[in-house]
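Architecture and fold: a report
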Amino acid sequence: MHVGIVRIALRVRDSHSLKDRRQVSRSLIQRIRGRFNVSVAQEVAADGDAWQSLTLLASCVSSDPNHADVVLNDLVGFIERTRPDVELLHYGAEVISGV
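Rules used throughout
Residues numbered from 1 in each chain as written. Predicted model: local features only at pLDDT ≥ 70, side-chain atom pairs only at ≥ 80, totals over all residues. Heavy atoms only, no water. Phe/Tyr/Trp six-rings, centres within 6.5 Å; stacked < 30°, edge-to-face > 60°. Helix = DSSP H or I, 4+ residues; strand = E, 2+ residues; numbered from the N terminus. Buried < 20%, exposed > 50% of the residue type's maximum accessible area, 1.4 Å probe, protein only. Polar contact = N/O pair within 3.5 Å; in protein donor to acceptor, adjacent residues only side chain to side chain. Contact = heavy atoms within 4.5 Å. Pairing = 2+ DSSP bridges. Axes fitted to C-alpha atoms, helices over the stretch in contact; angles between N-to-C directions. Core = buried A, V, L, I, M, F, W, Y, C linked by side-chain atoms within 4.5 Å. Expected span 1.5 Å × (residues − 1).

Across all of its chains, the model carries 1 aromatic pair by this definition. Aromatic side chains Phe36 and Phe78 sit 5.5 Å apart centroid to centroid with 75 degrees between the ring planes, which places their arrangement in the edge-to-face category. Placement of the pair is Phe36 in helix α1 (residues 18-36) and Phe78 in helix α2 (residues 65-82), with a sequence separation of 42 residues. Judged by relative accessible area, which is 17%, Phe36 ranks as buried.

See the structure below:
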């Protein structure tokens, strides 16, 4: 088994409150889960612009490490294509083999 993990740091441009950010994060998480069948969680921001910072963690399990890598890269591309109101700051993906 192979586990793919990605951490995605985003900036919600039009967010002026935690409520705005929560609305974007819930919508995004729901769409990612429905489209890619992965587990997704939101990480709480610790910096000063908490209402604009959004960090998502996603993971998938596959019997093929290349498939896990493709799923995670497609997920990041999906966010970039479908959410112009969200800026992708950076992401890091890793596939752990032999689990």
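Here the narrative resumes, following the displayed structure.
In this section: the side chain of Gln52. Mapped onto the elements of the fold, Gln52 is located in the loop between β2 (39-43) and β3 (53-62). Its relative accessible area of 18% is what places Gln52 among the buried residues. A polar contact of 3.3 Å, which involves the side chain of Gln52, links it to the backbone oxygen of Arg13. With sequence-adjacent residues up to four places away left out, Gln52 is seen in contact with Leu10, Arg11, Val12, Arg13 and Ser15.

A word on the sheet that holds β3. Strand pairing in a sheet is mediated by backbone hydrogen bonds. Such pairs are either parallel or antiparallel. One open sheet accounts for 4 strands, arranged β2-β3-β1-β4; its pairing is antiparallel. Unpaired on one side and paired on the other, β2 and β4 (86-97) mark the two borders of the sheet. Each strand of the sheet is rotated relative to its neighbour by a mean of 20 degrees, with strand direction disregarded. Two strands pair when backbone bridges link them, and β2 and β3 are joined in this way by 5 bridges, in the antiparallel orientation. Each residue of the ladder has a partner; that of Ala41, found in β3, is Leu57.

Counting residues in hydrophobic clusters, the biggest one holds 23 residues, and the most contacted among them are Leu10, Ile32, Val38 and Leu75. Counting residues per element, the ones that place at least two in this core are β1 (2-12), α1, β3 and α2. Among the elements that take part in this core, α2 stands out by supplying 7 residues, more than any other. Aside from chain neighbours lying at most four places away, what touches Ile32 is Asn37, Val38, Val40, Leu56, Leu75, Phe78 and Ile79.

If you check α1, its first and last C-alpha atoms are 26 Å apart, about what 19 residues at 1.5 Å a residue would give, namely 27 Å. Tucked inside the fold, the buried residues of α1 contact β1, β2, β3, α2 and β4. Looking one or two residues past α1, Asn37 carries a phi angle of roughly 55 degrees, positive in sign.

Relative to the 26 Å expected for 18 residues at 1.5 Å per residue, α2 spans 26 Å between its end C-alpha atoms, a close match to the ideal helical length. Within α2, the full set of buried residues consists of Ala68, Val71, Leu72, Leu75, Val76, Gly77, Phe78 and Ile79. Where α2 is buried, its residues meet β1, α1, β3 and β4. Capping the start of α2 is the job of one residue whose side-chain oxygen sits 3.3 Å from the backbone nitrogen of Asn66: Asp64.

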